[in-house]
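# Results of the structural survey
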Amino acid sequence: MQKNFTTSDGAVLAYTDVGQGPALVMLPGWSQSVAMFRHQIEHFSATRRVVAVDFRGHGRSPDATRGFRIFRFAADIMELMKHEKIENATMLGWSMGASVLWAMIDIFGTSFIDKLILIDEPATVMRQAGMSDEDILNAGALFDAATMVAIAEQIKGAEGAAARGAFLDGMITKSIPEDLKAWLLQENLRVNAVHIADLFVDHCSIDWSDIFARIDRPTLVIGGRVSHVNPRSQEWIHAQIKGSRLVIFEEAEGGAHFSFIEAPARFNEVLAGFLAEQ
């Protein structure tokens, strides 16, 4: 079932709510949509209640006039969960969606989480002041502040669509079908360029490194061997979360940034195994 929810500041979120059973809440990445999770929604809604949310201005959610910040997104998701009377859920965050979960943990703790799935998000996207070379590798930082600002300006400019296309090219495997790649870009380009650039800066600027030791729920960390996110960063996050599991998908398993849609059968197998664990 497709639903809409209005947040406390007036933004409208579109979301999918299908199936019955324990709740699985799915959060997509920067500029992407819940359509990315189509294979998981179909598979896991047979045994669970799957709630997959398009962030404000993303996917089927209409554009908003404000609030394109990670902590506002975290508040949006918590408000939606309270609206749907979901007190405890398995929470899945991919890419920026994982950052939204880390913001939720920062504000609300972990009581709303049954299990946690973190997919291919570095501890910080931007290099932070005072980081050593080893810190940068562990965190998975991709670029410095000047590069971040330049990318944001590019997204807002006349060549913004081309910039976002080049960004996507670095996130997929070489063997991805052209029609799938084109569809991913089409979903990406649905988001207002100015708003997504502002969100990009906010998202990239935050260092989440101190969050992981506070996670006390069963956690699965997923990375990709050929992802633009260095798998070493996923290994480091896994090492910080006591008792967590780590899976790095190889290139033949869709092991870039979109493993759940490039190789959905393998991804669903791994996720189902984790969800079945006691």
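In case you missed it, the structure is sitting above this.
The following refers to the structure shown. None of these values were measured; they are calculated from a predicted model.

### A few points about the overall build of the protein chain
Summing up its helical and strand segments, the protein chain has 11 helices and eight strands in all. Relative to a compact globule of 278 residues, whose C-alpha radius of gyration would be 19 Å, the protein chain shows 17 Å and is just as compact. Expressed as lengths along the three principal axes of its C-alpha atoms, the size of the protein chain is roughly 45 × 40 × 40 Å. When burial is assessed residue by residue, the protein chain has 56% of its 278 residues classed as buried. Across the protein chain, every contact between residues at least 6 apart in sequence was considered, and the portion connecting residues at least 24 apart equals 74%. For the protein chain, the accessible surface area stands at approximately 11,300 Å², while carbon and sulfur atoms represent 51% of it.

### What about helix α3 (residues 96-108)?
Helix length check: α3, at 13 residues, gives a terminal C-alpha distance of 18 Å against a target of 18 Å (1.5 Å per residue), a fit within 8%. Burial analysis of α3 places 10 of its 13 residues in the buried class, which makes it a mostly covered element. Turning to α3, its buried residues are M96, G97, A98, S99, V100, L101, W102, A103, M104 and I105. Looking at the buried side of α3, the elements it contacts are β3 (23-27), α2 (70-83), β5 (89-94), β6 (113-119), α8 (193-205) and α9 (231-240). G109 sits one or two residues past α3 and shows a positive phi near 80°.

### Quick look at the pattern of salt bridges
Here the structure, examined in full by the defined rule, presents 20 salt bridges. Between K3 and E84 there is a salt bridge whose closest N-O contact spans 3.2 Å. In this pair, K3 is assigned in strand β1 (residues 2-6) and E84 in the loop between α2 and β5, connecting sequence segments 81 residues apart. Take E84: its relative accessible area is 13%, and that puts it in the buried class. Here R217 ties to D216 by a salt bridge, and the two come within 3.1 Å at their closest N and O atoms. In the salt-bridge network here, residues are joined through shared partners; they are D9, R56, R72, D76 and E79.

### Details of a nonpolar patch on the surface
There is a patch of nonpolar side chains on the surface, built from F71, I107 and F108 and spanning about 250 Å² of accessible area. Residue placement: I107 occurs in helix α3. Relative accessible area serves as the criterion here: at 44%, I107 is assigned to the partly exposed category.

Rules behind the numbers
- Residues numbered from 1 in each chain as written.
- Predicted model: local features only at pLDDT ≥ 70, side-chain atom pairs only at ≥ 80, totals over all residues.
- Heavy atoms only, no water.
- Helix = DSSP H or I, 4+ residues; strand = E, 2+ residues; numbered from the N terminus.
- Rg over C-alpha atoms; globule rule 2.2 N^0.38 Å.
- Buried < 20%, exposed > 50% of the residue type's maximum accessible area, 1.4 Å probe, protein only.
- Contact = heavy atoms within 4.5 Å.
- Areas by Shrake-Rupley, 256 points an atom, 1.4 Å probe, with all protein chains shown as cover.
- Expected span 1.5 Å × (residues − 1).
- Salt bridge = Lys/Arg side-chain N within 4 Å of Asp/Glu carboxyl O.
- Patch = residues over 30% accessible without salt bridge, like charges linked within 9 Å, V, L, I, M, F, W, Y side chains within 5 Å.

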